[in-house]
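Analysis of the macromolecular model
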Amino acid sequence: MPEEGSGCAVRRRPYACVLRAALVPLVACLAICLVVCIQRLSRAQQQLPLESLGWDIAELQLNHTGPQQDPRLYWQGGPALGRSFLHGPELDKGQLRIHRDGIYMVHIQVTLAICSSTSTSRHHHPTTLAVGICSPASRSISLLRLSFHQGCTIASQRLTPLARGDTLCTNLTGTLLPSRNTDETFFGVQWVRP
């Protein structure tokens, strides 16, 4: 009969079984803790307001135009209005005030109400849209000046440096009024970088 084994007894360390039994749950526990921490961090970042992440952004819709003598367009924004919102900048009497220095993308689209290409070409003074910094007075400057020429809609955007406290105004000169449709007339800014 052949022998089974070498006949030499191999000694096992008494703590090896305990170490093996404790190591597996320890690694599993560390993996679970890591997953939970990553999920909580992700949720916390999602709940931070855009301002704290460095994004000042606004998308506004037309509120109303002032009296016939006032060419200024007044804007409104907020979740109750649908697709308009303000995160960072604020509205001051219908005008957009910036709260953070930086380079901003300014965009606007205005469609004239009750308009046809012949109605805009018949006017002696063409209808013009201007966007500018209206206050503080020391920084007053035109940022965009657009003429409707023979069209009923104009849209434009530009990058421009804005400072904390700058108030942006939009003026529509001419006899035609802007459309109140939120798909046709809107205005906004987005902070791009410091």
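Residues numbered from 1 in each chain as written. Predicted model: local features only at pLDDT ≥ 70, side-chain atom pairs only at ≥ 80, totals over all residues. Heavy atoms only, no water.

- The protein chain is annotated in an unreviewed UniProt entry as CD70 antigen from Rhinopithecus bieti.
- Its UniProt record gives the protein chain the following Function (unreviewed entry) comment, quoted word for word: "Expressed at the plasma membrane of B cells, it is the ligand of the CD27 receptor which is specifically expressed at the surface of T cells. The CD70-CD27 signaling pathway mediates antigen-specific T cell activation and expansion which in turn provides immune surveillance of B cells."
- On record in UniProt, under Subcellular location (unreviewed entry), the comment for the protein chain is "Cell membrane". (UniProt positions renumbered as here; feature names shortened; annotations may be inferred.)

Considering the side chain of Thr111
- One can find Thr111 in strand β6 (residues 102–111).
- What makes Thr111 buried here is its relative accessible area of 9%.
- Of note is the side chain of Thr111, whose polar atom sits 2.9 Å from the side chain of Thr153.
- At 3.1 Å, the side chain of Thr111 forms a polar contact with the backbone oxygen of Glu184. (Helix = DSSP H or I, 4+ residues; strand = E, 2+ residues; numbered from the N terminus. Buried < 20%, exposed > 50% of the residue type's maximum accessible area, 1.4 Å probe, protein only. Polar contact = N/O pair within 3.5 Å; in protein donor to acceptor, adjacent residues only side chain to side chain.)

Here we look at a nonpolar patch on the surface
- A grouping of Leu23, Leu26, Val27 and Leu30 is seen on the molecular surface, where their side chains present a nonpolar patch of about 390 Å² in accessible area.
- Inspection of the secondary structure assignment puts Leu26 in helix α1 (residues 16–47). (Patch = residues over 30% accessible without salt bridge, like charges linked within 9 Å, V, L, I, M, F, W, Y side chains within 5 Å. Areas by Shrake-Rupley, 256 points an atom, 1.4 Å probe, with all protein chains shown as cover. Salt bridge = Lys/Arg side-chain N within 4 Å of Asp/Glu carboxyl O.)

Quick look at unusual backbone geometry
- For the peptide bond that leads from Ser135 to Pro136, omega is 0°, which places it in the cis range.
- Structurally, the position occupied by Pro136 is in the loop between β7 (128–135) and β8 (141–147).
- Despite not being glycine, His149 has its phi angle at roughly 45°, a positive value.

Section: the UniProt feature "transmembrane region" (unreviewed entry) in the protein chain
- Cross-referencing UniProt, the feature "transmembrane region" (unreviewed entry) maps to residues 21–41 in the present numbering.
- A helix fraction of 100% and a strand fraction of 0% characterise residues 21–41, whose end C-alpha atoms lie 31 Å from each other.

With respect to the nonpolar core
- Membership of the largest hydrophobic core comes to 27 residues, with the highest contact counts inside it found for Ile108, Leu129, Leu162, Leu168, Phe187 and Val189.
- Looking at this core, the elements with two or more residues in it are β1 (57–65), β2 (72–76), β6, β7, β8, β9 (153–162), β10 (167–173) and β11 (186–193).
- Residue contributions to this core peak at four residues, all from β6.
- Setting aside chain neighbours within four positions, we find Phe187 in contact with Ala58, Glu59, Leu60, Trp75, Leu96, Val106, His107, Ile108, Val131, Leu168 and Thr170. (Core = buried A, V, L, I, M, F, W, Y, C linked by side-chain atoms within 4.5 Å. Contact = heavy atoms within 4.5 Å.)

What to know about the environment of Asn181
- Along the chain, the position of Asn181 falls in the loop between β10 and β11.
- Separated by 119 residues in the primary sequence, Asn181 and Leu62 have C-alpha atoms spaced 8.2 Å apart.
- Within polar-contact distance, the side chain of Asn181 engages the backbone nitrogen of Asp183 at 2.7 Å.

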